[in-house]
Every structure is written in structure tokens, then in C-alpha cells.
Amino acid sequence: MLNRPLTQLNPSPPLTPPRSPVQPSQPVSHFLLRCGPAYSRVMATAADLPNELLLMIFPLLSLQALIAARAVNRKWRHLAPLSDIHPTRRKLLALYDQFVASPAFHVTRPIIEPHLCSFDRDAYVSALPEATPEDFRMWLLEWPARAAIACLWPGLDPKFNMSEDVFISRRDKRNCLVSQPLVRRHDLALFGGHAHVSALALMDEGNGWKHWVILDGAHNGKDLRGHVYSKVRGEDGEDGYGEFMEADGWLRYLQAEMSSEQELLQEYGLYCPCQTCSGRSIEL
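Residues numbered from 1 in each chain as written. Predicted model: local features only at pLDDT ≥ 70, side-chain atom pairs only at ≥ 80, totals over all residues. Heavy atoms only, no water.

(A) View of the overall build of the protein chain. Check the secondary structure of the protein chain and you find nine helices and ten strands. Burial status across the protein chain gives 39% buried among its 284 residues. Nonlocal contacts in the protein chain, meaning residues at least 24 apart in sequence, comprise 53% of its contacts between residues at least 6 apart. Of the roughly 16900 Å² of accessible surface on the protein chain, a fraction of 55% belongs to carbon and sulfur atoms. (Helix = DSSP H or I, 4+ residues; strand = E, 2+ residues; numbered from the N terminus. Buried < 20%, exposed > 50% of the residue type's maximum accessible area, 1.4 Å probe, protein only. Contact = heavy atoms within 4.5 Å. Areas by Shrake-Rupley, 256 points an atom, 1.4 Å probe, with all protein chains shown as cover.)

(B) How the structure looks around the packing of helix 7 (residues 134-142) against helix 9 (residues 250-267). With their axes 8 Å apart at the nearest point, helix 7 and helix 9 run at an angle of 55° to one another. Classified by the angle between their axes, helix 7 and helix 9 sit oblique to one another. On helix 9, the residues touching Asp135, Phe136 and Trp139 of helix 7 are Trp250, Leu251 and Leu254. Tallied by class, residues from the contact of helix 7 with helix 9 come to five nonpolar, no polar and one charged. (Axes fitted to C-alpha atoms, helices over the stretch in contact; angles between N-to-C directions. Parallel < 35°, antiparallel > 145°, perpendicular 65-115°, else oblique. Nonpolar A, V, L, I, M, F, W, Y, C, P; charged D, E, K, R; others polar.)

(C) Molecular detail of the pattern of salt bridges. In the structure shown here, the tally under the stated rule is six salt bridges. Arg174 serves as the salt-bridge partner of Asp204, at 3.3 Å between the closest nitrogen and oxygen. Placement of Asp204 in strand 5 (residues 193-204) and of Arg174 in strand 3 (residues 174-175) is noted, with a sequence separation of 30 residues between them. Its relative accessible area of 7% is what places Asp204 among the buried residues. (Salt bridge = Lys/Arg side-chain N within 4 Å of Asp/Glu carboxyl O.)

See below:
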């Protein structure tokens, strides 16, 4: 038996049949299911994922990914709001839904989109003070650029003046959120004293008023982070005192700017709100 060639020896059968190599061209969604003694090839779809797994996945998604996930099918759109989404991200999602459903979104997109530029979101946020409010940080990191409200977005060309293209008789609404944050220290004159704050310029109305968002600061024990104030520009070109509080929170400010933009569009006849037209926008 020792003189027999090795090729005549009977090797032990393999414990499992060898697997066929996976072709790179095959999508990951293809897999094998055992059906009785044979194998059959089927394709997995989004509908095959169990609800419990989806409810665990949705809270891990960013705002833009969550918006895209809701468009997969009706099941995902129904389950997404039922998941444990971060409270701030949930508020941003609700604001996004409200804005894209408004006539202001459809009228202004052809005007704003040609002026959009890319910027490093992570580097932008890293350059802000550590005390920057969470909703402002998340807005910078996750908000879709194409859904910029009014002229508020660091990725908009700083030379872009929305009023020159939309509200012809008004020379305001110039974006001040440049691609690199310019945080300044301000001394706000408030009722009951002054507040020393760190602020970021948002928008110049063109009539001497500029909007600033407070990134760090307090007054008489009250947290001012996220508050937006208007400051008037003096004869020397410097910003003067804090005359008016635009909003007591960043998301409230975005909501107010969205409503203001909508009212101006209606005032200038850029869309018709009557039931016959159903809010049909008028092409510029």
C-alpha cells in the first residue's frame, strides 16, 4: 500500500461544499437562501428589513441621510418619525419639511442654487467657540445646502445679494456667513446692563442693520447662546448697540426668516396664495 501513488489515495470528503467566489459585479443585496435540498437566488429589498432594525438605524442617520431614507418607500417614511431621533435633529427635519413645502422654496431655488459654493463643514464648526449651541452646530453640519433659507448659508457667494434678484426695490439681505467663521466679541447694551458675548455675523440688511447670532455669553445668569440680535452700524462704520432681539433661539430665528421671506414674496407678487392657484409660484 505504501507503493501506491498519492493520486490513488482517497482523501476525506470536505465537511462543507466549497463556496463559489463572489463576483465583484454582484450587488450585496444578492444572497443565497436554502429552500429544501436546493439553493435559490433572491434579491433583498428595503421592505425585507424588520421594523425593529429600522427603528435602531434611523436615530444613527444624519439629517440629510434621514431625509433620503424617508424617500425609500412608504414604510420607511412612516417609521422614521417613530424612531428615537435626536430632539434637535427632529426639529430641523420638521423645519425642512415646512420650508420645502412652501412657495418660497420653489421660487427662490433657481436664484440661490447658482451661487452655492462648497465649504469644509467640519473645519467651520471646529473654528467656533466650544460653547456654540448644539442646534447651530447641527445646522451647519447637516442642513442641505440646496435648502438654504433666505440668504443664510456659509456656502453662499458673499457677493450674492438676494434682494437684487428677487425684491428689486430693496437692497438688503446680504449673506455674512462666509466660508470661514469670523467670530467677534461684542458688548451688547441690554436692559439691566451690558453683556460681553462672542457673536457671528449672519446677514446685513443694507440699511445699517446687521444680524448677529450669540455663540457664547450670558446676562444676569441668563444664557444668551443661540439668541439673534440686530446691531445698527454707526457713522464710523462700527456696529453699535444691541437694539432689537430678533429671536431667542437659532431655530426660532430660521422659522422667522422663512415666514418673513414668504410674506415678502406675496407682497411683491411673486406667488399667488389664492385657492384657485393653490400657491402657484410666478416665474421671475
